[in-house]
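One letter stands for each residue in the lines below.
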Amino acid sequence: MNRRGLLLAGGAGLLVLAGCASPGGAPGPGATSEAWSGRLSLRLEGDASQSFSALFELRGAPRAGDLILTSPIGSTLAQLHWAPGEAVLRNGSETRRYDSVDALIEAATGAAIPVGALFAWLAGRDEQVPGWRPDLSQVAAGRLQATRESPRPRADLRIVFERA
């Protein structure tokens, strides 16, 4: 998979973000499950600036969940799934496994996106993460922006969403 494909797959983060369409991403006991869909973009600044955008469906919780990224015309770009001890990225016929969703996101995007905090931010809760500055002023209107100042490269995450 080329770097742009990895960026698309990881965005989310996102994103971040992880999931396949099959069940199994249910959170553990006591965890709440959330669902969002919309558009996201991630821009990494630096010597070789990179950016991507995709449509997304995010379900689950920081502990276990799913993320599906699609192109604007509806083609599946990537399916991510995470649960304790695993993180799986599916892109077409290729499957890659990682030890954690954080490792998956960092390998895919080159940026450590705080998945646990992302769920809190989407829910309108200001969870502090060193180096990150979330702007939650538009969350009620379905917009989230978060900027990572450190470590470098600077990352700008923008999400337009609705609760599913």
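Throughout, a residue's number is its position along its own chain's written sequence, starting from 1. With pLDDT at 70 or above as the cut-off, local features in this predicted model cover only qualifying residues; side-chain atom pairs require 80 or more to be listed or tallied, and sums for whole chains, interfaces and linings still use all residues. Hydrogens and waters are ignored; side-chain quantities use all the structure's heavy atoms.

Visitor: Which parts of the structure should I look at to understand the overall build of the chain?
Guide: Runs of E in the DSSP output that reach at least two residues are strands. Runs of H or I that reach at least four are helices, and both are numbered from the N terminus. Along the backbone of the chain there are three helices and nine strands. Each residue's exposure class comes from its accessible area (1.4 Å probe, protein chains only) as a fraction of the maximum for that residue type: buried when under 20%, exposed when over 50%, partly exposed otherwise. Looking at the chain residue by residue over its 164 residues, the buried ones come to 45%. Reported accessibility uses the Shrake-Rupley method at a 1.4 Å probe radius. Residues are deemed covered only where the shown protein chains occlude them. Only carbon and sulfur atoms are counted for the fraction: they give 48% of the accessible area of the chain, which is about 7800 Å².

Visitor: Mind showing me how you'd approach the sheet that holds strand 6 (residues 94-98) here?
Guide: Strand pairing in a sheet takes place through backbone hydrogen bonds and is either antiparallel or parallel in direction. When DSSP finds two or more bridges between two strands, those strands count as paired. Overall, antiparallel pairing links the nine strands, which are arranged 6-5-4-3-2-1-9-8-7 in an open sheet. Looking at strand neighbours, the two that pair on one side only are strand 6 and strand 7 (132-135), the edges of this open sheet. Within the sheet, the average angular offset between the axes of one strand and its neighbour, ignoring direction, is 20°. Only the stretch in contact is used when a helix axis is fitted, and all axes are lines through C-alpha atoms; the angle between N-to-C directions ranges over 0 to 180 degrees.

Visitor: Would you explain unusual backbone geometry in this entry?
Guide: Of all residues except glycine, most have a negative phi; of all peptide bonds, most are trans. For the bond running from S150 to P151, omega is 0°, close enough to zero to count as cis. The omega torsion across R152 and P153 is 5°, close enough to zero to call that bond cis. On the secondary structure map, P153 appears in the loop between strand 8 (143-148) and strand 9 (155-163).

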